[in-house]
Amino acid sequence: MKLFNLKINDEFQLYGRRYVVTHINAPKVYVIAAGNAAVEEEYDFLSLITNPTFEPSALIQKRVSQKSEESKALRR
């Protein structure tokens with residue numbers, strides 16, 4: 001399982017909808033659906049990232065890949 005670090009303004013998809021992180025009060029993540037700034041939703045971080053429909057944006061995936069490569073390099 002990959003762990004993701006979500007930050008404010010990060011984007012992801014959940015249930016086929018795109019969301020933007022508005023703020024974080026660990027372990028809760030507050031998001032708005034892109035194009036619908038009037039409704040803010042609350043998710044538990046672990047439940048969010050383990051949801052099978054969760055798809056991080058390319059930027060998040062890139063950061064995870066870089067951290068993974070750095071970890072591998074340090075182990076050698």
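Residues numbered from 1 in each chain as written. Predicted model: local features only at pLDDT ≥ 70, side-chain atom pairs only at ≥ 80, totals over all residues. Heavy atoms only, no water.

Draft legend 1. Representation of the side chain of D10. Summarising the element assignment, D10 is placed in the segment before β1 (11–14). D10 sits in the buried class, given a relative accessible area of 7%. Looking at D10, its side chain comes within polar contact range of the main-chain nitrogen of K7, at 2.7 Å. (Helix = DSSP H or I, 4+ residues; strand = E, 2+ residues; numbered from the N terminus. Buried < 20%, exposed > 50% of the residue type's maximum accessible area, 1.4 Å probe, protein only. Polar contact = N/O pair within 3.5 Å; in protein donor to acceptor, adjacent residues only side chain to side chain.)

Draft legend 2. Highlighting the nonpolar core. By size, the foremost hydrophobic cluster in this structure holds 13 residues, and its most contacted members are F12, L14, Y19, V31, L48 and F54. Elements with a contribution of two residues or more to this core: β1, β2 (17–25), β3 (28–33) and α1 (45–50). By residue number, the principal contributor to this core is β3, which donates 3 residues. Setting aside residues up to four positions removed in sequence, Y19 forms contacts with D10, E11, F12, L14, V31, I32, A33, A34, E41 and Y43. (Core = buried A, V, L, I, M, F, W, Y, C linked by side-chain atoms within 4.5 Å. Contact = heavy atoms within 4.5 Å.)

Draft legend 3. Region of the structure containing the sheet that holds strand β4 (residues 36–44). One open sheet holds the 5 strands; their spatial order is β4-β3-β2-β1-β5, and the pairing between them is antiparallel. Lying at the two open borders of the sheet, with one neighbouring strand each, are β4 and β5 (55–56). (Pairing = 2+ DSSP bridges.)

Draft legend 4. Spotlight on the environment of P27. Tracing the chain through its elements places P27 in the loop between β2 and β3. For P27, a relative accessible area of 48% corresponds to the partly exposed category. P27 sits 17 residues away from D44 along the chain, and the two C-alpha atoms are 5.8 Å apart. Contact partners of P27, with chain neighbours within four places excluded, come to Y43, D44 and F45.

Draft legend 5. Structural context of the packing of aromatic side chains. Considering all chains together, one arrives at 3 aromatic pairs under this definition. On the basis of an interplanar angle of 20 degrees and a centroid distance of 5.6 Å, the ring pair of F12 and Y19 is categorised as stacked. Each member of the pair F12 and Y19 is classed as buried. A ring pair is formed by F12 and F54, whose centres lie 5.4 Å apart and whose planes are at 40 degrees; its orientation type is tilted. A residue pair is termed long-range when its members are at least 10 positions apart, and F12 in strand β1 and F54 in the loop between α1 and β5 qualify at 42 residues. Among the aromatic residues, ring-to-ring pairing joins F12, Y19, Y43 and F54 into one connected group. (Phe/Tyr/Trp six-rings, centres within 6.5 Å; stacked < 30°, edge-to-face > 60°.)

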